[in-house]
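# Close look at the chain arrangement
One letter stands for each residue in the lines below.
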Amino acid sequence: MNKNHRVPSSRTLSAVEVKSKFGAEFRRFSLDRSKPGRFDEFYGLLQHVHRIPNVDLLVGYADIHGDLLPINNDDNYHKAISTAAPLLRLFLQRKEEAEYSAFGTNSLTRKKTPAALAAVLLRPDANRKKPPVIISLPKDFRPVSSIIDVDILPETHRRVRLYKHGQEKPLGFYIRDGSSVRVTPQGLEKVPGIFISRLVPGGLAESTGLLAVNDEVLEVNGIEVAGKSLDQVTDMMIANSHNLIITVKPANQRNNVVRNSNTSYYSYSAPGAVAMTPSHIIQNFRPEEVESDDDEEEDLVIETGGDMRLAPLSAAGATASYSMPSLPRYEPHLNLRHSNGAMATSSSVGSLSTNERGLERRNLEEDGTVITL
Amino acid sequence: MMKFRFRRQGNDPQREKIKQDLFAFNKTVEHGFPNQPSALAYDPKLQLMAIGTKSGAIKVYGSPGVEFTGLHKDTATVTQMHFLHGQGRILSLLDDNTLHLWEIGQREQCSSLEEVCSFTIPCRTVIESTSATRVTVLLPKLNCDLLAVGTEGGGVHFLELPSLTLLDKSLFQDEIMQSVPDEYKCGKSLGPVESLQEHPQHPDKILIGYSRGLVVLWDLQTRHVDNLFLGKQQLESLVWERSGNSFVSSHSDGGYMVWSVSSSTPCTNEPVSSTITYGPFPCKAVNKILWRTAESGSPLVLFSGGMPRASYGDRHCLTILQDSQHVTLDFTSRVIDFFTVHCTDAHKFDDPSALVVLLEEELVVIDLQTAGWPTIPAPYLAPLHSSAITCSYHISNVPTKLWERVVSAGQQQGSLQTHTNWPICGGKNLAPDPKQQELMLTGHEDGTVRFWDASGVSLRPLYKLSTANIFQTDCDHNDSLTQAGEEEWPPFRKVGCFDPYSDDPRLGIQKICLCKYSGKLVVAGTAGQVIVLYLSDEKSDHMIDVATVDLLQDREGFTWKGHDRLPPKSGSVVFAPGFQPVVLVQCMPPAAVTAVTLHAEWNLIAFGTSHGFGLFDYHRRSPVLARCTLHPNDSLAMEGPLSRVKSLKKSLRQSFRRIRKSRVSGKKRVSSTLCEANAHLAEQDAEVTPVQRRIEPRSADDSLSGVVRCLCFADTFLRDGTHHGPTMWAGTNSGSVYAYALDVPSQEKFSEQSVEALLGKEIQLMHRAPVVSIAVLDGRGNPLPEPYEVSRDLAKAPDMQGSHSVLIASEEQFKVFMLPKVSAKTKFKLTAHEGCRVRKVALVNFSSVASEDYSENGLVCLTNLGDIHVFSIPALRPQVRYDCIRKEDISGIASCVFTKTGQGFYLISPSEYERFSLSARVITEPLCQVEFDRPHDSSETR
């Protein structure tokens, strides 16, 4: 916990100045930009410097565009530290009285200054003219799409994961037969291939910006489509539609992700793309997570009384039970699902750090709610 | 790279050996009638019959069980076939004008058919058109050393046999013309060679008949015209009288002429007699005529065609004439060819014993020795499609008791059939007697269920059950064609059973379920009718109990716009011995029944349609349960099959097909191609954009999501892990499974106490794919035995100690859930891995070839790509995969049924089942031997 001591400001170039605000109180300290540490350590530090050890906090910071963004895991914590120039403004709120609407994505277009944002936070009632749109807790954000396995794929390929989650938005794309040119020992050869033929406006595929018309589909959930018919590939995609991972060779090779040699999980952060696709969160996933079969949505079993429960995986220890509050915006029939793997590990490991628990929880939420009897 | 997720077993050599002993894929035999036959041949010495088809197949049949097949390299119509008598050789002519020689070979003590050589007639000169060398007729000499080939150009070529080398002694028309009187010539050509016939007494003389009518007796040795017969009517065919003193010619005007041959008159102008049987009005051509002498008196004349053009020009007829006896056999499909089985040795008379007629859709054999010329039932070549097949059902290991009762019921049905021996009895059947009796049941469009003996190589009809007689249909009057009231000339007699016209499409059979121990049968049809039948050995006259089950269960806002239910007959109906209807349950709305099952021990039937499912106690005649499975947004299911454009297209297509099938005359080819083009158009969708597929997961309100796909009964643990009891399971198109706990009273209390059903579990598969099959596995992972098997000590009792599990197979994946908690245990996601969808599944017991008592249960699955996968149960590990059916062959895939011991059947044409075997042990294939004496082997002469 005490690894990151208060360091005199501006002592070194690598230091990040931190100005943390909780209620009416400010605290200033600095962090080593090269060794930011982990989020839970940082969180402990904040509780420590504000002397509020038992208060659940919601941590936000103002990013370079002036958006108020949450800090709740290692990734966005590191992002915040690395982009601080050099001052990092933090806004802390009590979780129970948090004002979520201030977080957001469109603040760039709204041209709000951090000060204005702070004003919103400071005087939550003063500026409110109409009730804000209720958006869920940052921890409830779930990914809609992601680019994965950047470190292991050729740069010309892109592996895209689409999360359907039983939401209303359609997957929204079409595929067709076509032919592509391959380099073979015999020279160039025309081979049949499967291509994306159409994106439905407003569909999931279009909104991600990660798939485009004429992208060649190479794999579906790790299985090569070479030699398979259009109907076979269609059936494979539909069978995997709840968690579809498509490896494509984009028709437009100019927007390829440039591989970063020292990080295995590359954050997709082309600013243009972020601006284009503001409504989704880009996250990294470990390959084993992708591979595991546990992303599978579970079948719903309704007992005689009409109560519902999910079919637990007996192999994973049928005793594991998680009580999660059901989220009213979900239709239970469509969305009830959970992640068994996450369940199994979290139930077997007794004490988890906050951070890990947070991750686990989000994993669960990605897959929806769990109702157990 | 992402780890490959397909969980194949490692290459454990021990396991691989076991798998080799268990699984092997073989297509073994084709049952039924060859599709589109085009040629027929018979070898009186070997007593073998050969049928050629439009797809270039040659199928040889002898005594029951003796059959083998050859397939030409090119898919061309076999237009003619001839046996080289006694040599086990077949000559075939294809419509691409090539000649092929086939030999029956002996391989591992069992015969097969192999092509030896082929030949094409070369053009004589450059000027001569290719059509001039087009072969019209073939005549292999009886001593099998020479083949005469008649051509369109009127030439006759001679080939040496069996090498098929052209001899330099071709006979052209100009040589014949020299001896033809000038007044006959008129400067016209003689036309193509229509017939070549070898003189029955002098092998050096052949009779050559030209299209224009000229017939020549030609001496091969002296190359000289012996006799000229100046026929003036266009010639169709020739046949010798046995003595060689006269011959008969048939003509395009519907008549035939008898000519006498004498060496004293080299040129005959007029025939001895000339008859037009169905004159005086214009008649159609007599395509082929046979003249057979009989010891008993006057000769038999058999000819095809010749019907009065105006009144019966569209009939497919064959006339048998002897003295005053005259029968006009009236067939439902075109006559391809016919022959008689008669004495060929030194006997003085032909004395034909049987007439074999190959029709486009069936084979008819007439007993010519018994008065009245009855038909002889064929032991093979069963016309499966006498009415279109709508479903099939296979029963393995049929108890002898049931078998005998079905056979005897079938024997009592046969009228106008003799039980004389089958006349074609060449070869020896070496196949061992089947170890067990197997029944194949086919449901048909006309409401009949046919029972076939599927134990061996030849599928034999056993019994035919008709369900139409319990309903009032518009077509109740009997087929009037043969009935009195019609004029008695010509003396028609309807022969054969091919009848593609269905009285009422609602009668069609959709699902069948038979309890082989109790002889109870359930058949369900297109108009929501579910009929329970009991097997009875006595004739009966009784009323049928009718019950209606409303599957909508007060769902509102739906209107059924489809067909009405079939009105049941009021009053009692007479039933012949056999399966007799007892209870009729009618589903409302009367949509086609999509699933049916029977538990004879509990006296329960379950049935499902696109609207829901029901449970019925047929002992007490009372409905137990009805459940609606409809999704509120599903309008298609409600409106019925006739309301949508798509269905209209479909019905149009079907009617086109029916027309095409019925238009059998070659003359109508133009209109049939038009039909095809139209049907093609109808098949094309409105979509003109390039083929693309939308990627969207299934939603709950997809149409027809409520269709009940499978039903099953099981004695298992549904409510808790300690008490087992009767349960009923239903699966729908949208991935829903309903499990009911049943309260079935004990045997003694059946009459007093009613059956209760209580919903125990409802499972929604999250991937929402249609549930194809549900099966309960016992504590050892074995499928539960059938009803009565345990109580009658016919099967090992299931393990009720260990926990049971339920195997649910959807179109996309297989899953095993533990009972009673319904917790997922194992699964296999087929579609996600392979991109194929499950079409048919079955639980099969595979026994090992290595050891008598080692066997494994497997889940067999046929996919939409036509390949077959076998999985272990309950672990669901892939074992083997075989390509079986072409993926384009949708009707083949849809018709596939598996047996419990690892065989299967699917339709390769409307009239043929291909039988295949997945088991290395259980294989039903023809093993037969034909013995013959082949003087010189072609391999030496070549």
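Everything numeric here is computed off the predicted structure, so don't read it as measured data.

Summing up its helical and strand segments, chain A has 11 helices and 14 strands in all. The buried share of chain A, taken over its 373 residues, is 47%. Counting only contacts in chain A whose residues sit at least 6 apart along the sequence, the fraction spanning at least 24 positions is 64%. Split by element, the accessible area of chain A, about 18,600 Å² in all, is 54% carbon and sulfur.

A cluster of nonpolar side chains, contributed by A:Val181, A:Val183 and A:Leu188, occupies part of the molecular surface with about 340 Å² of accessible area. Position of A:Leu188 among the secondary structure elements: in strand β9 (residues 187-199).

Residues and elements named next belong to chain B. Reading across the sheet, the 4 strands line up as β56-β57-β58-β59 and stay open at both edges, with antiparallel pairing between neighbours. The open sheet is flanked by β56 (838-847) and β59 (878-883), the only strands paired with a single partner. Taking each pair of neighbouring strands and ignoring which way they run, the sheet shows an average axis angle of 20 degrees. Here strand β58 (residues 867-872) runs beside β59; their pairing, made up of 5 bridges, is antiparallel.

All names here are of chain B. In terms of nonpolar packing, the biggest core is built from 34 residues, with Ile 320, Leu 329, Phe 331, Leu 355 and Ile 366 touching the most fellow members. Elements with a minimum of two residues in this core: β20 (255-260), β23 (286-294), β24 (297-305), β25 (316-322), β26 (325-331), β27 (335-341), β28 (354-359) and β29 (363-367). Other than its neighbours up to four places away in sequence, Leu 329 contacts His 316, Cys 317, Leu 318, Ile 320, Leu 355, Ile 366, Arg 493 and Val 495. Judged by nonpolar contacts, the second largest core, of 33 residues, contains Leu 402, Val 406, Phe 471 and Val 573.

With that out of the way, let us pick up the pairing of β23(B). Within β23(B), 7 of the 9 residues are buried, leaving the element largely enclosed by the surrounding structure. Between β23(B) and β24(B), which follow one another and run antiparallel, lie 2 residues.

Before going further, it helps to spend a moment on the environment of B:Phe68. Residues and elements named next belong to chain B. Topologically, Phe 68 is positioned in strand β5 (residues 67-71). Taking the C-alpha atoms as reference points, Phe 68 and Val 29, 39 residues apart in sequence, are found 8.8 Å from one another. With residues up to four places along the chain from it excluded, the contact list for Phe 68 reads Ile 58, Lys 59, Val 60, Ile 104, Ser 111, Ser 112, Leu 113, Cys 928 and Val 930.

Further remarks concern the packing of aromatic side chains. Given two aromatic rings, their pairing is described by the distance between the two centres and the angle made by the two planes. Residues and elements named next belong to chain B. Throughout the structure, instances matching the rule amount to 27 aromatic pairs over all chains. Ring geometry for Tyr 42 and Phe 339: centres 4.4 Å apart, planes at 10 degrees, overall stacked. Here the residue Tyr 42 occupies a position in strand β2 (residues 37-43), and Phe 339 occupies one in strand β27, the gap between them amounting to 297 residues. Accessibility classification places Tyr 42 together with Phe 339 in one group, the buried group. For the pair Phe 613 and Tyr 738, a centre-to-centre distance of 5.6 Å together with 50 degrees between the ring planes defines the contact as tilted. With Phe 613 in strand β45 (residues 612-617) and Tyr 738 in strand β50 (residues 736-743), the pair connects residues that are 125 residues apart, well separated along the chain. A relative accessible area of 0% places Phe 613 in the buried class. According to the relative accessible area criterion, Tyr 738 is buried, its value standing at 6%. Sitting over the face of the ring of Phe 338, Lys 288 holds its NZ or CZ atom 5.2 Å from the ring centroid.

Before going further, it helps to examine the UniProt feature "domain: PB1" (unreviewed entry) in chain A. Within the UniProt annotation, "domain: PB1" (unreviewed entry) is assigned to residues 15-95 of chain A. With 27% helix and 42% strand, residues 15-95 of chain A has end C-alpha atoms that lie 29 Å from one another.

Consecutive residues of a regular strand have side chains that alternate between opposite faces of the sheet. Here strand β13 (residues 300-303) of chain A pairs with strand β51 (residues 756-764) of chain B via 4 bridges, running antiparallel. Among the inter-strand pairings, A:Glu303 is bridged to a residue of β51(B), identified as B:Lys761. The pairing of β50(B) with β51(B) spans 8 bridges and is classified as antiparallel. Across the sheet, residue B:Leu742 finds its bridge partner in β51(B), namely B:Ala757.

Glancing now at the sheet that holds strand β21 (residues 267-268) of chain B. In a beta sheet, neighbouring strands pair by backbone hydrogen bonds and run either parallel or antiparallel. Residue and element names in this part refer to chain B. Read across the sheet, 5 strands follow the order β14-β15-β16-β17-β21 without closing on themselves; strand pairing throughout is mixed. Two strands bound the open sheet, and with one partner strand each, they are β14 (193-198) and β21. As defined by bridge partners, β14 adjoins strand β15 (residues 205-210) across 5 bridges and the pair is classed as antiparallel. Across the sheet, the residue bridging to Gln 197 is Leu 207, located in β15.

Moving on: the domain arrangement of chain A. Under the domain assignment used here, chain A contains domain 1 (15-110) and domain 2 (145-255). Look at where the C-alpha atoms of domain 1 of chain A and domain 2 of chain A centre, and you get two points 38 Å apart.

Detailed reading of the predicted coordinates is not advisable wherever pLDDT falls low. Residues and elements named next belong to chain A. Taken residue by residue, chain A gives an average pLDDT of 66. The fraction at 70 or more is 54%. Here helix α10 (residues 340-348) is the element of chain A with the lowest mean pLDDT, 35, and strand β10 (residues 216-220) is the one with the highest, 93. Throughout residues 261-295 the model reports pLDDT below 50, and contacts reaching past four residues in sequence, or to other chains, amount to 64 contacts.

Right, let's talk about the UniProt feature "domain: Lethal giant larvae homologue" (unreviewed entry) in chain B for a bit. The UniProt entry lists residues 275-374 of chain B under the feature "domain: Lethal giant larvae homologue" (unreviewed entry), expressed in the numbering used here. Within the segment residues 275-374 of chain B, helix and strand shares are 4% and 52% respectively, and the terminal C-alpha atoms sit 26 Å apart.

Our next topic: the UniProt feature "domain: Lethal giant larvae (Lgl)-like C-terminal" (unreviewed entry) in chain B. When the UniProt feature table is mapped onto this chain, "domain: Lethal giant larvae (Lgl)-like C-terminal" (unreviewed entry) is found at residues 721-918 of chain B. Counting secondary structure, residues 721-918 of chain B comes out at 6% helix and 49% strand; the distance between its end C-alpha atoms is 36 Å.

This brings us to helix α1 (residues 13-22) of chain B. All names here are of chain B. Those residues of α1 that sit buried are Arg 15, Lys 19, Asp 21 and Leu 22. Buried residues in α1, looked at end-on, bunch into an arc of 160 degrees, giving them a common side. Of the exposed residues in α1, those oriented more than 90 degrees away from the buried face are Pro 13 and Gln 20.

All names here are of chain B. One can find His 563 in the loop between β40 (545-550) and β41 (573-575). Among the polar contacts listed, one links the side chain of His 563 to the backbone oxygen of Thr 526, at a separation of 3.3 Å. For His 563, the side chain forms a polar contact with the main-chain oxygen of Pro 590, separated by 2.8 Å.

What counts, and at which threshold
Residues numbered from 1 in each chain as written. Chains lettered and ligands numbered in written order. Predicted model: local features only at pLDDT ≥ 70, side-chain atom pairs only at ≥ 80, totals over all residues. Heavy atoms only, no water. Helix = DSSP H or I, 4+ residues; strand = E, 2+ residues; numbered from the N terminus. Buried < 20%, exposed > 50% of the residue type's maximum accessible area, 1.4 Å probe, protein only. Contact = heavy atoms within 4.5 Å. Areas by Shrake-Rupley, 256 points an atom, 1.4 Å probe, with all protein chains shown as cover. Patch = residues over 30% accessible without salt bridge, like charges linked within 9 Å, V, L, I, M, F, W, Y side chains within 5 Å. Salt bridge = Lys/Arg side-chain N within 4 Å of Asp/Glu carboxyl O. Pairing = 2+ DSSP bridges. Axes fitted to C-alpha atoms, helices over the stretch in contact; angles between N-to-C directions. Core = buried A, V, L, I, M, F, W, Y, C linked by side-chain atoms within 4.5 Å. Phe/Tyr/Trp six-rings, centres within 6.5 Å; stacked < 30°, edge-to-face > 60°. Lys NZ or Arg CZ within 6 Å of the ring centre and 35° of its normal. UniProt positions renumbered as here; feature names shortened; annotations may be inferred. Domains from an automatic or database assignment. pLDDT = per-residue confidence, 0-100. Arc of directions from axis to C-beta. Polar contact = N/O pair within 3.5 Å; in protein donor to acceptor, adjacent residues only side chain to side chain.

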